[in-house]
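# Structural overview for review
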Amino acid sequence: MTDSILSKAATMEIPINSNGDSRTAEDDSLEQGTQIGGSLDEIVGTLPVAMDLQQVMVSGPNLNETSIVSGGYGGAAEGIIPTSSIKDIRSKSRGITPSHSAASRIANQPGHYPAPSMHHSNSNSSMMSEEATRGVAVEKFDSVKKWSINTYKCTKQMFSERFGRGTKTVDLELEAQIDVLRETKMKYERILRLARELTNHFYNMVQTQQALGDTFADLSQKSPELQDEFGYNAETQRLLCKNGETLLGAINFFVSSINTLVNKTMEDTLMTIKMYENARLEFDAYRADLEELSVGPRDAAAMVRIEFAQQQYQIQKDKYERLHSDVSIKLKFLEENKVKVMHKQLLLFHNAISAYFAGNQQQLEQTLRQFNVKLKPPGSDKPSWLEEQ
């Protein structure tokens, strides 16, 4: 009875701190012994990564600081085993050293993240792509800027020439040759158009003669009383049809040669002339710009602009002189080629037409052989049975 009263009294005298932990002198001495023993949890608790005072205040008492008491209250100190020692024993039995356990706990903290491995490579690739895109954009902007400046200068020069306020570089001899070429091209285009119309009309006439000859031949078989008369006419139409196909071959060769001369040779020369005229306009535009800057003030900024304008003027001058030489050479060769081609084609056209209407079949065939004109075999223009399907 007396022991129970004493135990109750001793229980009632246990102070309770603000966190709800019951502490006595023995507990304090045991806690100090645990700290002196070098508990792993206390070492980890001293690290800045794992220390969070707010979490300690919210979560209540730390179980690592409690003790397991064997026996009743107030027993011998030998029966008290710190829980931190039990954890060390368990870690050793599992093959985990205290340092590894601490490292694993630090790595599992909420604020601890592994170092990124691919972040730098992704950022480098994105930076390279952005730089490439930026380079293309800058290049396009520079080209547009140069085109705008050049267009402005050329437009200004063109209006100045048209309204009589600007000077123009003119080569009278070359300009006369260019005018003759353009006029010649228009006349040759008319010849080409008329020759094509003649070909179409003559082709229709040959087709009509062929149909007429077939009809005469059919009637000569069905009309015994007029068999000879229909037969003569059928033979005449067949001969005219044959000679007409030969003449068509000569006219087609004439049309093809004129077409090549007009739409390829002359057109190529006119394209070079167009480039030359554009270069002449640019040359005069940059020349006028340089003259305007030369009249102005001569400060440092103006001298820089004058030097740049001088460089651009020299570039345009070289381009103009090069195209001027190209046009002169092409006009010379074009004239020689035109004379050579037209001499052959006009002779072919004359001899073929004369032989056909004279009824001289041998001379007509000889004319084609003389000019190396190959006739297509009859029926070659017709599509095959596979194409008709």
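What this report covers is the structure whose coordinates are included nearby.

Rules used in this analysis
Residues numbered from 1 in each chain as written. Predicted model: local features only at pLDDT ≥ 70, side-chain atom pairs only at ≥ 80, totals over all residues. Heavy atoms only, no water. Phe/Tyr/Trp six-rings, centres within 6.5 Å; stacked < 30°, edge-to-face > 60°. Buried < 20%, exposed > 50% of the residue type's maximum accessible area, 1.4 Å probe, protein only. Helix = DSSP H or I, 4+ residues; strand = E, 2+ residues; numbered from the N terminus. Salt bridge = Lys/Arg side-chain N within 4 Å of Asp/Glu carboxyl O. Axes fitted to C-alpha atoms, helices over the stretch in contact; angles between N-to-C directions. Parallel < 35°, antiparallel > 145°, perpendicular 65-115°, else oblique. Left-handed = near helix turned anticlockwise from the far one by under 90°. Contact = heavy atoms within 4.5 Å. Nonpolar A, V, L, I, M, F, W, Y, C, P; charged D, E, K, R; others polar. Core = buried A, V, L, I, M, F, W, Y, C linked by side-chain atoms within 4.5 Å.

### Details of the packing of aromatic side chains
Tallied over the full model, the rule gives eight aromatic pairs. Residues Phe-159 and Phe-163 carry aromatic rings whose centres are separated by 6.3 Å and whose planes lie at 15° to one another, so their mutual orientation is stacked. The exposure class of Phe-163 is exposed, given its relative accessible area of 55%. Between the aromatic rings of Tyr-276 and Tyr-320, the centroid separation amounts to 5.6 Å while the plane-to-plane angle is 25°, which identifies the pairing as stacked. In this pair, Tyr-276 sits in helix 9 (residues 227-295) while Tyr-320 sits in helix 10 (residues 300-358), placing the two residues 44 residues apart along the sequence. Relative accessible area serves as the criterion here: at 0%, Tyr-276 is assigned to the buried category. Ring pairing ties together the aromatic residues Tyr-276, Phe-283, Tyr-313 and Tyr-320, which thus form one cluster.

### Observations concerning the pattern of salt bridges
Going through the model one piece at a time under the given rule, you end up with 14 salt bridges. Measuring nitrogen to oxygen at the nearest pair gives 3.7 Å for the salt bridge that ties Glu-292 to Lys-156. In this pair, Glu-292 is assigned in helix 9 and Lys-156 in helix 7 (residues 119-162), connecting sequence segments 136 residues apart. Residue class for Lys-156 comes out partly exposed when judged on its relative accessible area of 40%. The residue Asp-218 makes a salt bridge to Lys-222 at a minimum N-O spacing of 3.5 Å. With Asp-218 and Lys-222 both in helix 8 (residues 172-222) and four residues apart, this pair spans about one turn of that helix.

### Observations regarding the packing of helix 10 against helix 11 (residues 361-370)
The geometry of helix 10 relative to helix 11 is characterised by a closest axis approach of 8 Å and an angle of 160° between their N-to-C directions. Taken together, the axis directions place helix 10 and helix 11 in an arrangement best described as roughly antiparallel. Remark: the crossing between helix 10 and helix 11 carries left-handed chirality. Of the residues in helix 11, those touching helix 10 at Leu-348, Asn-351, Ala-352, Ala-355 and Tyr-356 are Gln-363, Leu-364 and Thr-367. Here the residues of the contact of helix 10 with helix 11 sort into five nonpolar, three polar and no charged.

### Things to note about the side chain of Thr-269
On the secondary structure map, Thr-269 appears in helix 9. For Thr-269, the contacting residues outside a window of four places in its chain are Leu-181, Lys-330, Leu-331 and Leu-334.

### Considering the nonpolar core
Side chains of nonpolar character tend, in soluble globular proteins, to be buried together. Within the largest apolar cluster, 42 residues are counted, with the highest numbers of intra-cluster contacts made by Ile-178, Leu-181, Ile-273, Tyr-276, Val-327 and Leu-331. Put simply, the parts of the chain that give this core at least two residues each are helix 8, helix 9, helix 10 and helix 11. Looking at which element gives the most residues to this core, the answer is helix 9, with 17 residues. Every residue in contact with Ile-273, bar those within four places of it in the chain, is listed here: Ile-178, Leu-181, Arg-182, Val-327 and Leu-331.

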